[in-house]
Amino acid sequence: MKEVILDCFGEACPIPLVKAQNAIEELEIGDVLIVQIDHSCAMKNVPEWATKAGHNVEIEEVDDSEWEVIIEKAK
Amino acid sequence: MNQLKAGFDRLRDNEIYKQWFKNPFTYVMGAVLLSILQIVTLAVSGAPWGVSGAFANWGAWIYEALGGSVAKWYYFSTTGAQNTLEQGFLNHPDSLRNVGIIVGALFATLMASQFKIKIIKNKKQIIAAVLGGLLMGYGARIAFGCNIGALYGGIASLSLSGWVFGFAMFFGAMAGSKLLVKFFM
């Protein structure tokens, strides 16, 4: 099982979302993608997309205005 | 010190704090609040809500403070525009409201403990921000309004111009998104 970190700090919407969508294509089922973001709207649209796409999603607030969206590819 | 930390830890887990200050409001909640407040704006100041027009005045005030004069500029040539400039920043509702928006946004960010000075990741971001700002500012002035004054205020005032603006902006945003993906991915 692979774990990939996607550094999107300093990237504004919708770049983190598009990057995450592209990155998950490269992964196998069961792999984990960790999207690092510091743009609060990405904290909303990245998990929203991942949940709708059927993946397992968790959000962790790692610091002030810094989040990790942890996406486990489920299909 | 420990007591203070314990107090903040308790606040962080408090449901009411989370609901009002930490978690984002829903889009519907935001829309309802904006709509009510823009009605208040219209009722109190007598003009629909606008944002970017005030920045043109800020530019004129700065230019005049440096010794220049905009009296002959077409944009500021009407008596109304000259009056607004003469009465100054503190008598200009739109300017004061913009300051309020900035201070309010800062307050909300601090309350949610989400204040962060963000890094500039690459030169492309600077170029895009400057170019985008110039285009938006210029476009908003020759269209007599931005997405607030022309779109939001226009539609709320039942003006057809707001819908025309929105229709055009939709395609502009589509083109912008394509450029964004092309140059930033």
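It should be emphasised that the depicted structure is a prediction, and the values quoted were computed from it without experimental measurement.

Novice: Would you mind going over the state of the cysteines with me for this structure?
Specialist: One way to say it: the disulfide is the covalent bond shared by the sulfur atoms of two cysteines. Residues and elements named next belong to chain A. Within this structure, the stated rule accounts for one disulfide over all chains. Here Cys13 connects covalently by a disulfide to Cys41, the sulfurs 2.1 Å from one another. Here Cys41 lies in the loop between β2 (32-37) and α2 (42-52) and Cys13 lies in the loop between β1 (3-7) and α1 (15-25), a separation of 28 residues in the sequence. Cysteine Cys8 remains unbridged, with the sulfur of Cys13 as its closest cysteine sulfur at 10.0 Å.

Novice: Sorry if this is basic, but what is going on with the interface of chain A and chain B here?
Specialist: How big an interface is tends to be reported as the loss of accessible area on association of its parts. Across the contact, 20 residues belong to chain A and 17 residues belong to chain B. Of all residues in chain A, Ile15, Lys44 and Asp64 of chain A give up the largest surface area on contact with chain B, accounting jointly for 29% of the area buried on that side. Residue assignment for the side of chain A that touches chain B shows that the elements contributing at least two residues are α1, α2 and β4 (66-72) of chain A. Top element by residues in the side of chain A that touches chain B is α1 of chain A. It accounts for four residues. Residue composition of the side of chain A that touches chain B, by class: eight nonpolar, four polar and eight charged.

Novice: Please clarify how the packing of helix α4 (residues 52-65) of chain B against helix α6 (residues 93-111) of chain B should be interpreted in this entry.
Specialist: Geometrically, a packed helix pair is captured by the angle between its two axes and the distance between the axes. Residue and element names in this part refer to chain B. Here α4 crosses α6 at 105°, and the two axes come no closer than 9 Å. Regarding the angle of α4 to α6, the classification is roughly perpendicular. In this structure, α4 contributes Ala54, Phe55, Trp58 and Trp61 to the contact, and α6 contributes Asp94, Ser95, Asn98 and Val99.

Novice: Would you mind going over the sheet that holds β4 of chain A with me for this structure?
Specialist: Either a parallel or an antiparallel arrangement is found when strands of a sheet pair, and the pairing is made through backbone hydrogen bonds. All names here are of chain A. Strand order in this open sheet of four strands is β1-β2-β4-β3, and the pairing throughout is mixed. At either end of the open sheet lies a strand with only one pairing partner, and these are β1 and β3 (56-63). The mean angle between the axes of side-by-side strands here comes to 20°, regardless of whether they run parallel or antiparallel. In the sheet, β2 pairs with β4 via six bridges, with the strands oriented antiparallel. Across the sheet, the residue bridging to Leu33 is Ile71, located in β4. Against the sheet, α1 contacts β1, β2 and β4, and its axis sits at roughly 165° relative to β2.

Novice: How do you make sense of the nonpolar core when you look at a structure like this?
Specialist: In a soluble, globular protein the nonpolar side chains are often hidden away together inside. In terms of nonpolar packing, the biggest core is built from 18 residues, with Leu33, Val35, Ile37, Val46, Trp49 and Ile71 of chain A touching the most fellow members. Residue assignment for this core shows that the elements contributing at least two residues are α1, β2, α2 and β4 of chain A. The dominant element in this core, judged by the number of residues it contributes, is α2 of chain A, at five residues. Core analysis: the second largest hydrophobic core is formed by six residues, Ala56, Ala60, Val70 and Leu85 of chain B among them.

So, how was this worked out
Residues numbered from 1 in each chain as written. Chains lettered and ligands numbered in written order. Predicted model: local features only at pLDDT ≥ 70, side-chain atom pairs only at ≥ 80, totals over all residues. Heavy atoms only, no water. Disulfide = S-S within 2.5 Å. Helix = DSSP H or I, 4+ residues; strand = E, 2+ residues; numbered from the N terminus. Contact = heavy atoms within 4.5 Å. Buried area = accessible area lost by both parts, 1.4 Å probe. Nonpolar A, V, L, I, M, F, W, Y, C, P; charged D, E, K, R; others polar. Axes fitted to C-alpha atoms, helices over the stretch in contact; angles between N-to-C directions. Parallel < 35°, antiparallel > 145°, perpendicular 65-115°, else oblique. Pairing = 2+ DSSP bridges. Core = buried A, V, L, I, M, F, W, Y, C linked by side-chain atoms within 4.5 Å. Buried < 20%, exposed > 50% of the residue type's maximum accessible area, 1.4 Å probe, protein only.

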